[in-house]
Amino acid sequence: MHNHDQDGPPCSHMEQLLQQAADGSITGIKKIYTLAHAARCHRCGSFLERMKLTIAALKTQKQEVPQDALERLKAKHLKSGE
Ligand SMILES: [Zn+2]
């Protein structure tokens, strides 16, 4: 059994970098380094995937509010423009 290689938290020194790679707040060599590590390290790889899914879900929820507000803003603008 090698379950300790499959499951568990990511490498502690990588956790913040993995979060930043998932939300796109790092670029360049740091991101390449992080993604390269995640590709080789199973724990960090699955942590990165979970982070991406979580962030995507959060972004989807956030986008619903501004879009609604945008519609109202447009309607307001059209009325005052007449
Ligand atoms: Zn790792």
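The preceding data block contains the structure.
In short, a report on the structure. This one's a predicted model, so the numbers in the text were calculated from it and none came from an experiment.

Here is what the cut-offs are and how they apply
- Residues numbered from 1 in each chain as written.
- Predicted model: local features only at pLDDT ≥ 70, side-chain atom pairs only at ≥ 80, totals over all residues.
- Axes fitted to C-alpha atoms, helices over the stretch in contact; angles between N-to-C directions.
- Helix = DSSP H or I, 4+ residues; strand = E, 2+ residues; numbered from the N terminus.
- Parallel < 35°, antiparallel > 145°, perpendicular 65-115°, else oblique.
- Contact = placed C-beta atoms within 7 Å.
- Nonpolar A, V, L, I, M, F, W, Y, C, P; charged D, E, K, R; others polar.
- Core = buried A, V, L, I, M, F, W, Y, C linked by C-beta atoms within 7 Å.
- Buried ≥ 20, exposed ≤ 12 C-beta atoms within 10 Å, placed from the backbone.

Observations concerning the packing of helix α2 (residues 15–23) against helix α3 (residues 28–40)
Where α2 meets α3, the closest approach of the two axes is 10 Å, and the angle between their N-to-C directions is 110°. Here α2 is positioned roughly perpendicular relative to α3, judged by the angle of their axes. The residues of α3 that touch α2, namely those facing L17, L18 and A21, are K30, K31, T34, L35 and A38. Residues belonging to the contact of α2 with α3 are distributed by class as follows: five nonpolar, one polar and two charged.

Here's the deal with the nonpolar core
In terms of nonpolar packing, the biggest core is built from nine residues, these being M14, L17, L18, A21, A22, A38, C44, F47 and L48. When contributions to this core are tallied by element, the ones reaching two or more residues are α2 and α4 (42–81). Among the elements that make up this core, the one with the highest residue count is α2 (four residues). Beyond its immediate stretch of four places on either side in the chain, A21 contacts I26, K31, T34, L35 and L48.

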